[in-house]
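Here are the chains, one letter per residue:
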Amino acid sequence: MSTEVNEMVSSADLKQLAEDVVHHALRAGASDAEVVVREGDEFSTLVRLGQVETLKESGSRGIGLRVFAGSRTASTSTSDFSREGLAHLVSGAIDLVRVTSEDPFAGLPETGDFGQLASDLDLYYEDVYSLPTSERIAYARRAEAAALAADARIQNSDGGSFDAATGRKILANSRGFTGEYRRSYCSLSAMPIAQDEKGGMQRDYWYSSARTLARLETPESIGAEAARRALRRLHARRVPTQRAPIVFAPEIARSIVGHVFEAANGDSIYRGASFWANQLGRQVASSNITVVDDGTIPGGFGTAPFDGEGLPTRRTVILEKGVLRNYLLNTYTARKLNMQSTGNASRGLAGNPGIGGGNVFLENGSVSPQQILKNIKKGLYVTELMGFGINMVTGDYSRGASGLWIEDGEIAYAVEEVTIAGNLKEMLNNITEIANDLEFRGSVASPTLRIEGMTIAGE
């Protein structure tokens, strides 16, 4: 390998390194090339009953190369940034691309499509790494202690945790695009175990996550909420098999939003593996439902200035008043469907881009969650789902569940060991009420939802 490449390896400028690897791949015979460089630091600690059980701190750095030879493509990746490691990265990709099959839809986006958001997206704060290790442990210890102190029925715990991470991503390609951004993240959780007078035990958790320490909820509030959730699960029972209204708590309702994302995934659409194939422009859900994918929200957990191919992120309406307005596409799936990318390419170090979301959410309704409950004579408020019994081709849906039984508009008792079943196509048309409690605790979010017509399988 040339002296130029040796010099780039010793440079602290990873952006220049990425651009130089692109140029080297072109000189080695690629018709196009794309490089991703990622580096980051992670910290995690778990405290159980006041004692540190796990303490992890690590740093990582990796580089991925995707090359094209006409309509052939191949990729390689490495964490070896030495002269020899980068030479092997390039030669390996060139060797692979010579033996792969041609694909007329493969290739980088068109030059005019590249770009990135220029505004401050509020993604990076140094303070997530500003605390000494002892204070990070103290955060976890305080959250657990608050849960244990909340009630005499809580004497045990699966722990309190504190996590922090920072990351940097650089993307460069042979069509003139180079972009980079940094992100930070921190989270705090508590997982208490409550025990009733007969020895029956229930566990639950609560958490807070943010881009900056300043926006984390306090350890004491996290512990208290986790305790409340564990305590309300005591004396859980099964209920008879029946059809009844089901209310999904926000942290559970977001799984429905996740299924909307899956159903609109361009990869599934062109393969015919989604129940929304050939449904664009049609009414596929209740008219009170609008679901949006927005990668531009400042500070969002799914926000970025550009997607995995170097296209600017954007706001895409998936469902508008129940009408399917857009599929979510990267360049490859867009070409397959004779459409345009929606800026939803996701990219690891190796392999071809997939489909990823920004901040995916169901828009707020107008009623309070309490009002939704008051309108139900008998029904189930779901607080936990188990298993993955979902068929995205047919829409068939069946998952284990636990939660709280609703009687005459009030929470009556805890419920466990039941299964809820229906069909996603019908469920999306049977969402009759949407609350006004949308809150982002991750990149997918939903308000409280009420769904009619599902079967609760119990006793």
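Below or above, wherever it landed, is the structure these notes cover. (Residues numbered from 1 in each chain as written. Predicted model: local features only at pLDDT ≥ 70, side-chain atom pairs only at ≥ 80, totals over all residues. Heavy atoms only, no water.)

### Quick look at the packing of helix α2 (residues 14-27) against helix α3 (residues 83-97)
Worth spelling out the cut-off: Lines fitted to the C-alpha atoms define the axes, with helices restricted to the stretch that makes contact. Angles between their N-to-C directions range from 0 to 180 degrees. Numbering of helices and strands runs from the N terminus, with a helix taken as a DSSP run of H or I at least four residues long and a strand as a DSSP run of E at least two residues long. Roughly parallel covers angles under 35 degrees, roughly antiparallel covers those over 145, roughly perpendicular covers 65 to 115, and oblique covers all other angles. Handedness of a helix crossing follows the sense of rotation of the near helix relative to the far helix, less than a right angle counterclockwise being left-handed and clockwise being right-handed. Contacts were defined at the residue level, with two residues in contact if any of their heavy atoms lie within 4.5 Å. All residues other than Ala, Val, Leu, Ile, Met, Phe, Trp, Tyr, Cys, Pro, Asp, Glu, Lys and Arg, Gly among them, are scored as polar; the first ten of these are nonpolar and the last four charged.
Packing of α2 against α3 leaves a shortest axis separation of 10 Å and a crossing angle of 40°. Looking at the two axes, α2 sits oblique to α3. Considering how the two elements wind past one another, α2 and α3 form a crossing that is right-handed. Between α2 and α3, the contacting residues are L17, V21, H24 and A25 on the first element and L86, L89, V90 and I94 on the second. Broken down by class, the residue content of the contact of α2 with α3 amounts to seven nonpolar, one polar and no charged.

### Quick look at α2
Let me state the cut-off plainly: By this rule the span expected of a helix is its residue count minus one, scaled by 1.5 Å. Accessibility here uses a 1.4 Å probe with only protein chains present; expressed as a share of the type maximum, an area under 20% marks a residue as buried, one over 50% as exposed, and anything in between as partly exposed.
With 14 residues, α2 ought to run about 20 Å at 1.5 Å a step, and its terminal C-alpha atoms sit 20 Å apart, in line with that. Among all positions in α2, only L14, L17, A18, D20, V21, V22, H24 and A25 are buried. Within two residues after α2, G29 carries a phi angle of roughly 125°, on the positive side.

### Side note on the pattern of salt bridges
Note the cut-off: When a carboxyl oxygen of Asp or Glu lies within 4 Å of a side-chain nitrogen of Lys or Arg, that pair is called a salt bridge.
What the rule picks out here adds up to 30 salt bridges. Of the charged contacts, one joins E102 and R72 as a salt bridge, the two residues approaching to 3.6 Å between their closest N and O atoms. Separated by 30 residues along the polypeptide, E102 in the loop between α3 and α4 (133-149) and R72 in strand β3 (residues 72-78) bring together distant segments of the chain. By sharing partners, the salt bridges in this structure join K15, E39, R61, R168 and E180 into a single network.

### With respect to the side chain of D294
Selection rule: Whenever a nitrogen or oxygen atom comes within 3.5 Å of another N or O atom, the pair is scored as a polar contact, on the condition that within protein one atom can donate a hydrogen and the other can accept it, and that pairs from neighbouring residues in sequence are kept only if both atoms are in side chains.
The residue D294 is located in strand β10 (residues 291-294) in this model. In this structure the side chain of D294 is engaged in a polar contact, spanning 2.6 Å, whose partner is the side chain of T296.

### Here's the deal with the packing of aromatic side chains
What counts here: Aromatic pairing here means that ring centres of Phe, Tyr or Trp (its six-membered ring) are within 6.5 Å. Orientation follows from the plane angle: under 30 degrees is stacked, over 60 is edge-to-face, and everything else is tilted.
In this structure the tally under the stated criterion is 12 aromatic pairs. For the ring pair F177 and F306, a centre distance of 5.3 Å and an interplane angle of 75° mean the geometry is edge-to-face. You can see F177 sitting in the loop between β4 (154-173) and β5 (178-195) and its partner F306 sitting in the loop between β10 and β11 (315-320), a full 129 residues away along the chain. An angle of 80° between the planes, with centres 5.6 Å apart, marks the rings of F275 and W276 as edge-to-face. We note that F275, like W276, is buried. An aromatic cluster of three or more residues is present, and its members are F114, F177, Y181 and F306.

### Concerning the nonpolar core
Which entries qualify depends on this criterion: Put simply, a nonpolar core is a bunch of buried Ala, Val, Leu, Ile, Met, Phe, Trp, Tyr and Cys residues held in one set by side-chain atoms that sit within 4.5 Å of each other.
Counting residues in each nonpolar core, the largest one holds 60 residues, and the members touching the most others are F248, W276, L319 and I420. In terms of residues, this core owes the most to one element, helix α6 (residues 250-263), which gives seven residues. Residues within four places of W276 in sequence aside, it is in contact with V260, A263, A264, I269, V284, L319, L324, Y327 and L428.

### Points about the pairing of β10
To be explicit about the condition: Pairs of strands are assigned from DSSP output, requiring at least two bridges between the strands.
The two faces of β10 match: V291 and D293 on one face and V292 and D294 on the other face are all buried. With four bridges joining them, β10 and strand β15 (residues 359-362) adopt antiparallel strand pairing. From the neighbouring strand, V292 faces β15, where its bridge partner is F361. Both β10 and β11 contribute to a ladder of four bridges, which runs antiparallel. Pairing of D293 across the sheet is with T316, part of β11.

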